[in-house]
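# Topology and contacts: notes
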Amino acid sequence: MTVWIDGSLTALSDAKVSVLDHGLVVGDGVFETLRVYRGVPFAWTRHLARLRTSADGLGLELPDISELRRAADAVLRANALTEARLRITVTGGVAPPGSGRGHGPPSAFILAFPIEPAAASVDVVIAPWTRNERGALVGLKTISYAANVRALAYARDKGAGEAVFANTKGNLCEATGSNVFLVRDGVLCTPPASAGCLLGVTRALLLELGKKSRIPTEERDVPIDELAPSDEAFLSSTTREVQPIACVDGGRLRNVGGPVSERLAAAFRDLVAKDLDP
Ligand SMILES: Cc1ncc(COP(=O)(O)O)c(C=O)c1O
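The following paragraphs examine the structure supplied in this document. Worth saying up front: this structure is predicted, and the values here are computed from it rather than measured.

### Things to note about the packing of aromatic side chains
Taken as a whole, this structure holds five aromatic pairs when the rule is applied. Their ring planes at 80 degrees and their centres at 5.8 Å tell us that Phe42 and Phe268 sit as a pair that is edge-to-face. Of the two residues, Phe42 is situated in the loop between β4 (40-41) and α2 (44-58) and Phe268 in helix α6 (residues 259-274); the sequence distance between them amounts to 226 residues. Comparing Phe42 with Phe268 shows no difference in burial state: the two are buried. Between Phe181 and Phe234 the ring centres are 4.8 Å apart and the planes differ by 10 degrees, which places this aromatic pair in the stacked class. Taken as a pair, Phe181 in strand β10 (residues 179-184) and Phe234 in strand β13 (residues 232-237) lie far apart in primary sequence, 53 residues in all. Residue Phe181 shares its accessibility class with Phe234, and that shared class is buried.

Below, the structure is given as structure tokens:
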């Protein structure tokens with residue numbers, strides 16, 4: 001496998017970051033995961049805009065975006081990948097141990113992996129921990145993911161595929177690596193940014209597709225207890241696309257992969273077929 005690191009293509013075994021890298025030591029870094037369809041990173045413009053927002057939020061310098069694009073294309077070519085998951089990571093670079101950032105340049109690397117289609121549906125559990133909707137990192141896609149690692153392991157221990165977080169107010173926030181939508185009385189709804197969720201690229205595209213398809217759509221606070229009794233619910237993310245939720249804490253939803261989920265999944269597939277940078 002070939003990766004790009006700090007300006008060069010390198011074999012994975014030779015790609016190294018310092019043990020003083022601030023990303024490694026304190027989780028100071030940002031990232032994006034993109035889905036590659038037909039050799040092209042999907043929604044590049046939106047993902048790179050979010051990478052910029054995340055980097056600005058942490059006060060991190062980003063490499064030139066056109067250099068990142070050339071590097072991403074080179075990694076895909078070098079690994080002969082056309083359907084893939086592409087990850088761009090930028091960290092604070094080498095720094096003294098502790099929370100203060102150093103003066104060195106950031107570290108940047110790009111990796112690509114083959115991807116399998118996501119499962120047709122997923123069981124979720126409600127995480128016993130909360131997201132803090134007023135936390136310093138809200139809305140930023142940082143590499144500080146240990147809380148997600150912990151919650152996903154909790155879900156897997158219970159035989160589920162994702163863990164869903166409420167926020168400190170008891171409202172639905174998001175899952176460890178995906179946004180959550182539910183349908184109630186024909187209305188599609190998902191939590192707003194103020195609930196503390198990451199504003200997913202897939203989430204934004206689905207909200208736009210929902211409006212175009214004249215599905216009544218709301219961004220509103222949803223008490224976490226409304227998830228299990230909803231008519232339909234699904235996760236959205238770059239790698240899951242639209243993935244119906246089958247069970248919440250062991251209880252089966254009324255309509256798994258119901259009509260609204262299916263319409264949106266189809267609209268998303270059509271979008272990918274027509275436009276790789278919507
Ligand atoms: C915490 C979190 N929320 C939501 C998402 C979904 O975002 P996107 O649709 O941009 O993949 C992700 C994606 O990785 C995530 O990590």
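### Details of a nonpolar patch on the surface
There is a patch of nonpolar side chains on the surface, built from Val17, Val19, Leu20, Leu24, Val25, Val26 and Val94 and spanning about 570 Å² of accessible area. Given the relative accessible area of 36%, Leu20 is considered partly exposed.

### Topic: the sheet that holds strand β5 (residues 84-91)
The strand order β2-β1-β6-β5-β3-β4 describes an open sheet built from six strands, whose pairing is antiparallel. Of all the strands in the sheet, just β2 (8-11) and β4 have a single pairing partner and so form its edges.

Reading the values: rules and limits
Residues numbered from 1 in each chain as written. Predicted model: local features only at pLDDT ≥ 70, side-chain atom pairs only at ≥ 80, totals over all residues. Heavy atoms only, no water. Phe/Tyr/Trp six-rings, centres within 6.5 Å; stacked < 30°, edge-to-face > 60°. Helix = DSSP H or I, 4+ residues; strand = E, 2+ residues; numbered from the N terminus. Buried < 20%, exposed > 50% of the residue type's maximum accessible area, 1.4 Å probe, protein only. Patch = residues over 30% accessible without salt bridge, like charges linked within 9 Å, V, L, I, M, F, W, Y side chains within 5 Å. Areas by Shrake-Rupley, 256 points an atom, 1.4 Å probe, with all protein chains shown as cover. Salt bridge = Lys/Arg side-chain N within 4 Å of Asp/Glu carboxyl O. Pairing = 2+ DSSP bridges.

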